[in-house]
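In case you want the letters, here they are:
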Amino acid sequence: MKKLLASTVLAAGLMGFAGVAQAESHGECGTVTVANMNWASAEVLANIDNLILSEGYGCDVELVPGDTMPTLTSMMEKGEPDVAPEAWINAVREPLDKAVEEGRLVYAAESLSDGGVEGWWIPKYIADANPDIKTIDDALARPDLFPAPEDPSKGAVYNCPSGWNCQISTANFFKAHDAEEKGFVLVDSGSAAGLDGSIANAYNKEEGWLGYYWAPTAILGNYPMTLLGFNAEFDKESWDACIVNAECADPQKNAWPKSEVYTVVTDSFAKRAGPALDYLKGRAWSNETVNGLLAWKDKNQATGEDTAYYFLENNEDVWGKWVSPEVAEKIKAAL
């Protein structure tokens, strides 16, 4: 791996190369604002887009702070920023679809090709040693494999962090599967750091762990986990009426819906982007790729920019499929 350059040197070099790239570009990409969302996978993707759009397509890219609801609302109402690289759209699908139908926004690539994944997981070493455990019910039949931290005679299911919507859905899954009657307790993880720490602690001791998690994340890159089956098909009506409702008295088995994660661009940018739009419509990666990249970022305490350079330097087999050979050469020359 090439040594990552200091940020000041990178900035100077890239500014010089950007001028050459823009002069050589036949498109009219111009200035483009890209939302730099405030979670790791989105931050890295925004920085990758910054490098590829500027170096490969001659765009004048500005990264702007972003978050799901504020960014998408601003794009729908004000037409800015131009690009949301990793938009988790399930919660705002209806107004987004309307904006697309009215010609204000454009769906580009499904940036996470696997979608965002939520559910109950167990360590891969537990799954490998117990191939009969395929589903949530299978795991709940073995409380001995997942000892509770304060009472090892019971099994533990680790809940989603306090205050997150998934805390409610996990608690309702716990009820729907009669987990308490099967010898389990629901453990409050307290925070994302607490949940991560419980997984790391289980791995360090090679103990069982069962609970809520999601992908893609650095934790799943550092600690391979197996997603359990749900023992039910997704039922949207039941999900909306009960699973996400803290007051639901009688939750039934269900499945977590796949979270659709798209790149969303404004129509005004789509019309001037030229070949850059083809890149955004074809740029997608798997959760496995993202998990590994975020694990590297976490281990090296790297910035989103550093991680973008690391990805481009070491994963041409992935990003090379997103661009033409000519654009790929421009990008490699800038690294």
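Our subject in this report is the structure included herewith.

## So, the packing of aromatic side chains
Part 1: Enumeration over the complete set of coordinates arrives at 21 aromatic pairs.
Part 2: Between Y158 and W209, the ring centres sit 5.4 Å apart and the planes meet at 10°, which makes this aromatic pair stacked. Note that Y158 is positioned in strand β6 (residues 155-158) and W209 in the loop between α8 (192-205) and β8 (211-215), a separation of 51 residues in sequence.
Part 3: Note on Y158: relative accessible area 13%, which makes it buried.
Part 4: Within the aromatic cluster, the residues linked to one another by ring pairs are W120, W164, F173, Y212, Y213, W214, F230, F234, W239 and W256.

## As for the pairing of strand β3 (residues 83-88)
Part 1: By the criterion of burial, β3 is predominantly enclosed, with 5 of the 6 residues buried.
Part 2: Inspection of the sheet shows β3 paired to strand β10 (residues 261-266) by 4 bridges, in the antiparallel sense. Bridge pairing in β10 places V83 opposite V265.

## Describing the state of the cysteines
Throughout this description, disulfide means a covalent bond between two cysteine sulfur atoms.
Part 1: Applying the stated criterion across every chain, the model contains 3 disulfides.
Part 2: C29 shares a disulfide with C59; S-S distance 1.9 Å. Here the S-S torsion is close to 100°, and the disulfide linking C29 with C59 is therefore right-handed. On the criterion of sequence distance, the pair formed by C29 in the loop between α1 (7-24) and β1 (31-37) and C59 in the loop between α2 (40-57) and β2 (60-66) is long-range, its members being 30 residues apart. An identical accessibility class is assigned to C29 and C59; each is buried.
Part 3: Through a disulfide, C242 is tied to C248; the S-S separation comes to 1.7 Å. Since a negative S-S torsion denotes a left-handed disulfide, the C242-C248 link at about -80° is left-handed.
Part 4: Owing to a relative accessible area of 8%, C242 belongs among the buried residues under this scheme.
Part 5: Here the chain pairs its bonded cysteines, counted in sequence order, in the arrangement 1-2, 3-4, 5-6.

## Observations regarding the packing of α2 against helix α12 (residues 275-282)
Part 1: Their axes nearest at 10 Å, the elements α2 and α12 cross at an angle of 150°. The pairing of α2 with α12 is recorded here as roughly antiparallel in orientation. Considering how the two elements wind past one another, α2 and α12 form a crossing that is right-handed. Touching I48, D49, I52, L53 and Y57 of α2 are P275, A276, Y279 and L280, all from α12.

## Here we look at the environment of E43
Part 1: Tracing the chain through its elements places E43 in helix α2.
Part 2: Taking the relative accessible area as the measure of exposure, E43 reaches 22% and is therefore partly exposed.
Part 3: Setting aside its immediate chain neighbours within four residues, E43 contacts N36, M37, K297, T303 and G304.

## Comments concerning helix α13 (residues 287-299)
Part 1: End to end, α13 covers 18 Å across 13 residues, agreeing with the expected 18 Å (1.5 Å per residue, within 8%).
Part 2: All of the buried residues in α13 are N287, V290, N291, L293, L294, A295, W296 and K297.
Part 3: Against the buried residues of α13 lie α2, β5 (117-123), β8, α9 (218-222) and α14 (304-314).
Part 4: With its phi angle positive at about 50°, Q301 sits one or two positions after the end of α13.

## Points about the pattern of salt bridges
Part 1: This structure, assessed with the given rule, holds 15 salt bridges.
Part 2: Measuring nitrogen to oxygen at the nearest pair gives 3.3 Å for the salt bridge that ties R272 to D82. With R272 in helix α11 (residues 267-272) and D82 in the loop between α3 (68-78) and β3, this pair connects stretches of sequence that are 190 residues apart.
Part 3: D267 is the partner of K271 in a salt bridge, and the nearest nitrogen-oxygen pair spans 2.9 Å. With K271 and D267 both in helix α11 and 4 residues apart, this pair spans about one turn of that helix.

What counts and what doesn't
- Residues numbered from 1 in each chain as written.
- Predicted model: local features only at pLDDT ≥ 70, side-chain atom pairs only at ≥ 80, totals over all residues.
- Heavy atoms only, no water.
- Phe/Tyr/Trp six-rings, centres within 6.5 Å; stacked < 30°, edge-to-face > 60°.
- Helix = DSSP H or I, 4+ residues; strand = E, 2+ residues; numbered from the N terminus.
- Buried < 20%, exposed > 50% of the residue type's maximum accessible area, 1.4 Å probe, protein only.
- Pairing = 2+ DSSP bridges.
- Disulfide = S-S within 2.5 Å.
- Axes fitted to C-alpha atoms, helices over the stretch in contact; angles between N-to-C directions.
- Parallel < 35°, antiparallel > 145°, perpendicular 65-115°, else oblique.
- Left-handed = near helix turned anticlockwise from the far one by under 90°.
- Contact = heavy atoms within 4.5 Å.
- Expected span 1.5 Å × (residues − 1).
- Salt bridge = Lys/Arg side-chain N within 4 Å of Asp/Glu carboxyl O.

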